Amino acid sequence: MIKPTLFWILFVAICTRSSYAQQPDIPSKKEQPLYALIDQYAQARETKDTILLKQILTDDIDQLVSTGEWRRGFETAKQGMQRSSSANPGGRTLTVYQIRFLNRETALVDTRYEIQNIDGSLRKMWSTFIVVYQNDSWKITAIRNMLPNQSP
């Protein structure tokens, strides 16, 4: 029979270990604005908010979508995004996977991009955002959407 003291030591050790293992990664102070930028992009796409898009995209934005279409310049990208959202209705979720700072004013933000189609199916993709620091804020200057054969 296990002594009560030994039981409590084991119980506390197991609980403590599992609580550390379940803590999510918390973005650093440096990364937080980039998480917010991706959230704003997702919100703008979901609500078709062209004013917010204008605030968070550079004028020379370029986007390569999973169909192979290139969208160059803000107006072309905006029209393509609106067309895509209308043609492919459903909830969009962008989850930041990793951030790599190339320097103090440029970063790559890799995200998991999922579209919950209205038929219930789930389209799983990747998006890479190239972001730049301009006029005291982070903006998206390029987007690459990919439809991989498999997830890592």
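Note that the coordinates shown come from a computational prediction; the quantities given were computed from them, not determined experimentally.

Another aspect to go through is the packing of aromatic side chains. Summed over all chains, the structure comprises four aromatic pairs. Between the aromatic rings of Tyr41 and Phe129, the centroid separation amounts to 5.2 Å while the plane-to-plane angle is 75 degrees, which identifies the pairing as edge-to-face. You can see Tyr41 sitting in helix α2 (residues 32–47) and its partner Phe129 sitting in strand β5 (residues 122–134), a full 88 residues away along the chain. We note that Tyr41, like Phe129, is buried. Here a set of aromatic residues connected by ring pairs shows up, and it is made of Phe101, Tyr133 and Trp138. It is Arg72 that lies over the ring of Trp70; its NZ or CZ is 4.4 Å from the centre.

To continue, consider the pattern of salt bridges. Opposite charge on two side chains allows them to pair when their charged atoms are near. All chains considered together, the criterion is met by five salt bridges. For Arg144, the salt bridge is made with Asp62, and the minimal N-O distance between the two is 2.6 Å. With Arg144 in strand β6 (residues 137–146) and Asp62 in strand β1 (residues 57–64), this pair connects stretches of sequence that are 82 residues apart. On the accessibility criterion, Arg144 (23% relative accessible area) is partly exposed.

Attention now moves to the layout of surface pockets. Considered as a void within the structure, the largest pocket measures approximately 200 Å³ in volume. Forming the walls of the largest pocket are 15 residues, and the residues nearest its centre are Val65, Ser66, Arg71, Ser84 and Asn88. Mapped onto the lining of the largest pocket, the elements with two or more residues apiece are β4 (106–117) and β5. When its residues are assigned to classes, the lining of the largest pocket shows four nonpolar, six polar and five charged.

Quick notes on the rules
- Residues numbered from 1 in each chain as written.
- Predicted model: local features only at pLDDT ≥ 70, side-chain atom pairs only at ≥ 80, totals over all residues.
- Heavy atoms only, no water.
- Phe/Tyr/Trp six-rings, centres within 6.5 Å; stacked < 30°, edge-to-face > 60°.
- Helix = DSSP H or I, 4+ residues; strand = E, 2+ residues; numbered from the N terminus.
- Buried < 20%, exposed > 50% of the residue type's maximum accessible area, 1.4 Å probe, protein only.
- Lys NZ or Arg CZ within 6 Å of the ring centre and 35° of its normal.
- Salt bridge = Lys/Arg side-chain N within 4 Å of Asp/Glu carboxyl O.
- 1 Å grid on protein atoms, 1.4 Å probe; cavity = no way out; pocket = protein on both sides within 12 Å on 5 of 7 lines; lining within 4 Å.
- Points joined across faces, edges and corners; volume = space filled by probe spheres on them.
- Nonpolar A, V, L, I, M, F, W, Y, C, P; charged D, E, K, R; others polar.

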